[in-house]
Amino acid sequence: MKHTKSAPSPDSSEQVRPEVSAGLPGASPVLDRNLRKAGIDPDRLSILHLGLPAHLHRQFPAWMKRMLVGYALWLVLFLLKLNSVAIPPYLEAVFSLVVGLLIIQVACQVLVTATERFAARMGWTHYVAGTASEILSTLPELVVIAFLVPVSPLTAFIVTMVTIYNNTLVFSIYSFFLPKNYMGKFLMPKPITDAGTQVLIAGGALGLVLGVVMLVLSSSGHPKQGFEALDLAVVAVLLLIIFVVYLYKLVRDIGKEEDDVQSTLQLTAQEMEERQQLAFKNVERCGYVQIALLLILGVLGAVLGGESIAEFASLVIDEMGVSGIVAALILAALLA
């Protein structure tokens, strides 16, 4: 999964064997044939390039400008409240929504950037780095939902469900345009395909069972018309266990696949490190202090942005009389 020893820079002038880039577009057909003989599909080994291309790197990146603007607007809103300056509810709601969305968007990007730089330092594979980035980038959305629960549990629930549906819909459209093999199957990485079909289906089945139970309770005259906190806690723990098993299987299978590639192409340990670092050729290297600072900025942005969006929900529901369902649909569409 990772190496504590830092790998050589992929921009190094040293010549590396072509086997190191096996699976990348333009790789030697001979290498592809050797991999196929070993039961490895080279079309599923394409190495992602994380981060921005070198020519887009700036000393003062665009996300930093947006973060400063978002924090400045949040400070203005905070000072108005502190000094009891009254503004129309609709104007305050719009202001809170704009500030929250701006900070949340930047917080997601900062958390992804911090994860990529940390993964480059630790020598993670690009699959592990991408998975960690995806998990950490959902932190702002989780904070938003946590702030919405005290305002309106129904709004928080609908935002969660609609956001998941939107993400699924986008992924379905994305998957349609993925490359396909001669049999018409999508060329997703094999470890992801196996983990998804074997483990995540359990999560879908659990959700289906939960929905059926809710329908039975509401239509059969059963004295218990809903789930209590303990019931939901048990379901949440089960879903988390399924997700952890999925991640474990994903990382384990990816490591096994890379071991098979190493033995098939007879790569040395140094060449394996070089192979892994190809994914991070566009990631800016920095120290742990800078990575920690990015992480702190991302978490702070998630908290401040989530608070502002919860304030918007409170204003439109309590002060303006908007339905919690309508407010949830607005937030879900903007957060998706």
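Before any of the text, the structure's been laid out above.
Residues numbered from 1 in each chain as written. Predicted model: local features only at pLDDT ≥ 70, side-chain atom pairs only at ≥ 80, totals over all residues. Heavy atoms only, no water.

Novice: Before we go on, may I ask you to explain the overall build of the protein chain in this structure?
Specialist: The secondary structure content of the protein chain amounts to 11 helices and 0 strands. Mapped in sequence order, the helices and strands of the protein chain form the string α-α-α-α-α-α-α-α-α-α-α. Residues counted as buried form 36% of the 336 residues belonging to the protein chain. At a minimum sequence separation of 6, the contacts of the protein chain that also span at least 24 residues come to 79%. With an accessible surface of roughly 19,300 Å², the protein chain has 68% of that area assigned to carbon and sulfur atoms. (Helix = DSSP H or I, 4+ residues; strand = E, 2+ residues; numbered from the N terminus. Buried < 20%, exposed > 50% of the residue type's maximum accessible area, 1.4 Å probe, protein only. Contact = heavy atoms within 4.5 Å. Areas by Shrake-Rupley, 256 points an atom, 1.4 Å probe, with all protein chains shown as cover.)

Novice: Would you take a moment to explain the packing of helix H3 (residues 89-122) against helix H10 (residues 288-319) for this structure?
Specialist: As a packed pair, H3 and H10 sit with axes 7 Å apart at the nearest point and diverge in direction by 155 degrees. In terms of orientation, H3 lies roughly antiparallel with respect to H10. With respect to the hand of their crossing, H3 and H10 are arranged in left-handed fashion. The residue makeup of the contact of H3 with H10, split by class, is 25 nonpolar, 8 polar and 5 charged. (Axes fitted to C-alpha atoms, helices over the stretch in contact; angles between N-to-C directions. Parallel < 35°, antiparallel > 145°, perpendicular 65-115°, else oblique. Left-handed = near helix turned anticlockwise from the far one by under 90°. Nonpolar A, V, L, I, M, F, W, Y, C, P; charged D, E, K, R; others polar.)

Novice: Help me understand the pattern of salt bridges in this model?
Specialist: It is possible for side chains bearing opposite charge to pair when their charged atoms get close. Tallied over the full model, the rule gives 5 salt bridges. Residue glutamate 311 is joined to lysine 81 by a salt bridge in which the shortest nitrogen-to-oxygen separation is 3.8 Å. Within this pair, whereas glutamate 311 is found in helix H10, its partner lysine 81 is found in helix H2 (residues 62-82), the two being separated by 230 residues in sequence. Judged by its relative accessible area of 25%, glutamate 311 is partly exposed. Between lysine 256 and aspartate 260 there is a salt bridge, with its nearest N and O atoms 3.6 Å apart. You can see lysine 256 and its partner aspartate 260 sitting in helix H8 (residues 229-265), 4 residues apart, about one turn around the helix. Through salt bridges with shared partners, a single network forms among Lys249, Arg252 and Asp253. (Salt bridge = Lys/Arg side-chain N within 4 Å of Asp/Glu carboxyl O.)

Novice: I tried to follow the packing of aromatic side chains on my own but got confused; where do I start?
Specialist: Given two aromatic rings, one states the distance between the centres and the angle between the planes to describe the pair. Scanning all chains against the criterion turns up 4 aromatic pairs. Considering the side-chain rings of tryptophan 74 and phenylalanine 78, the 5.4 Å spacing of their centres and the 10 degrees angle between planes classify their relative orientation as stacked. Taken as a pair, tryptophan 74 and phenylalanine 78 lie in helix H2 at a separation of 4 residues, close to a single helical turn. Aromatic pair phenylalanine 243 and tyrosine 246: ring centres 6.2 Å apart, planes at 25 degrees, arrangement stacked. In this pair, phenylalanine 243 and tyrosine 246 are both assigned in helix H8, 3 residues apart and thus about one turn of the helix distant. With a relative accessible area of 36%, phenylalanine 243 lands in the partly exposed category. A connected cluster of aromatic rings, assembled from ring pairs, spans Phe118, Trp124 and Tyr288. (Phe/Tyr/Trp six-rings, centres within 6.5 Å; stacked < 30°, edge-to-face > 60°.)

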